Amino acid sequence: MPETGPLLNGGNSIRPQKRIFLGLLMLTCVLFTLLLVILWYVPYVGLANIHQNLPLILGIVFGAILALVFAGMIILALTVVLGRDLPFSRSLRGVLVKVLLPLMSAVGKLFGVSKDQVRRSFIEINNQLVLAAHLRATSDKMLLLMPHCLQFHECKFRITGSTVHCQRCGKCAISGLAELSDKYGVGLAVATGGTLARRIVVQRRPKLIIAVACERDLSSGIQDSYPLPVFGIINKRPHGPCYDTDVDLDRVEEALKTFLIPASQPAPEHEPLPALNSRGHAEPQ
């Protein structure tokens, strides 16, 4: 079981990003409950005219749906808070990625929470679920996926797709990332956008990705890559968005240590991930 260092925050504390997510989760459950109550109450009289037991049957059905929703939300919240792989938590990551992010964005907008705050919260929760699953991979099955904006804007060397031409001048984070790539034997790729990133993932077929980007690109990348696990690290933007950005190299290295299997150890057996098509999406079984 991999040890999680302080930079990755193993999940035993409730950081502000988690509080935003858990708060929106609670509000979503309350709104969903009110919606079902309305859907049950409005046709109540009409259903009784058809058959006297129909309102009771509809109430039982809606009650069962609510019970499943609340059970799932409780398991998800406990997984986040405890940092442990609880039953069904891996399946709930799919719910988080495909359903809860757009839903949370809509609920957050109603209560004045910005999209970037919701996205940061989503990335934090996704990371905790990936950590809780205790996933590990060998160096040849792991990928460091970086945005092109990390490169120094005056650099004349092309590093898109591969950093083989990086001169390691130290003027940007790419140099440090290339050194980490060499040190741990993990592939490093630089993408200019989502389309190229998906192509790189399809070509290299990693089992786990450590990705760096802004909130928008990271959240969309996590959604596009599902069910492939992605550990996201938000970049630093001292000069504004998409221009000479930076990344915490210590956090990247700690993520590598957490998820990487030493060459001397056999890879653990996990359920095989679905094949990805040319767009980077899972193919139907």
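In this text the structure is predicted, and so the values were computed from the model without any measurement. (Residues numbered from 1 in each chain as written. Predicted model: local features only at pLDDT ≥ 70, side-chain atom pairs only at ≥ 80, totals over all residues. Heavy atoms only, no water.)

Participant: How do you make sense of the packing of helix α5 (residues 115–132) against helix α8 (residues 215–225) when you look at a structure like this?
Facilitator: Any two packed helices are characterised by how steeply their axes cross, that is the angle between the axes, and by the distance between the axes. For the pair α5 and α8, interaxial distance at closest approach is 9 Å and the crossing angle is 45°. Relative to α8, the element α5 lies oblique. The handedness of the crossing between α5 and α8 is left-handed. Residues D116, R119, R120, F122, I123 and N126 of α5 pack against E215, R216, L218, S219, I222 and Q223 of α8. (Axes fitted to C-alpha atoms, helices over the stretch in contact; angles between N-to-C directions. Helix = DSSP H or I, 4+ residues; strand = E, 2+ residues; numbered from the N terminus. Parallel < 35°, antiparallel > 145°, perpendicular 65-115°, else oblique. Left-handed = near helix turned anticlockwise from the far one by under 90°. Contact = heavy atoms within 4.5 Å.)

Participant: Teacher, can you tell me more about the pairing of strand β4 (residues 230–234) here?
Facilitator: A regular strand places its side chains so that they alternate between the two faces of the sheet. Buried residues dominate β4, accounting for four of its five residues. Judged from the five bridges that link them, strand β3 (residues 208–213) and β4 form a sheet pairing that is parallel. When the sheet's bridge partners are listed, I209 is paired in β4 with V230. Read as a crossover between parallel neighbours, the route from β3 over α8 to β4 is right-handed. (Buried < 20%, exposed > 50% of the residue type's maximum accessible area, 1.4 Å probe, protein only. Pairing = 2+ DSSP bridges. Right-handed = clockwise from strand over helix to strand, strands pointing away.)

Participant: Could you clarify how one ought to interpret the sheet that holds strand β2 (residues 187–191) in this entry?
Facilitator: Strand pairing in a sheet takes place through backbone hydrogen bonds and is either antiparallel or parallel in direction. The sheet built from four strands is open, its strands ordered β2-β1-β3-β4 with parallel pairing. Looking at the sheet topology across the chains shown, the edges are occupied by β2 and β4. Neighbour to neighbour, the strand axes of the sheet diverge by 20° on average, direction disregarded. Sheet topology places strand β1 (residues 142–147) next to β2; five bridges connect them, and they run parallel. Note on β2: the bridge partner recorded for P147 is A191.

Participant: I keep staring at the pattern of salt bridges and nothing clicks. Help me out?
Facilitator: Pairing is possible between side chains that carry opposite charge, provided their charged atoms lie close to one another. Within the structure shown, the criterion is met by seven salt bridges. Notably, a salt bridge pairs E215 with R120, separated by 3.1 Å at the nearest N-O pair. Taken as a pair, E215 in helix α8 and R120 in helix α5 lie far apart in primary sequence, 95 residues in all. Given the relative accessible area of 4%, E215 is considered buried. Judged by relative accessible area, which is 28%, R120 ranks as partly exposed. By sharing partners, the salt bridges in this structure join R120, E215 and R237 into a single network. (Salt bridge = Lys/Arg side-chain N within 4 Å of Asp/Glu carboxyl O.)

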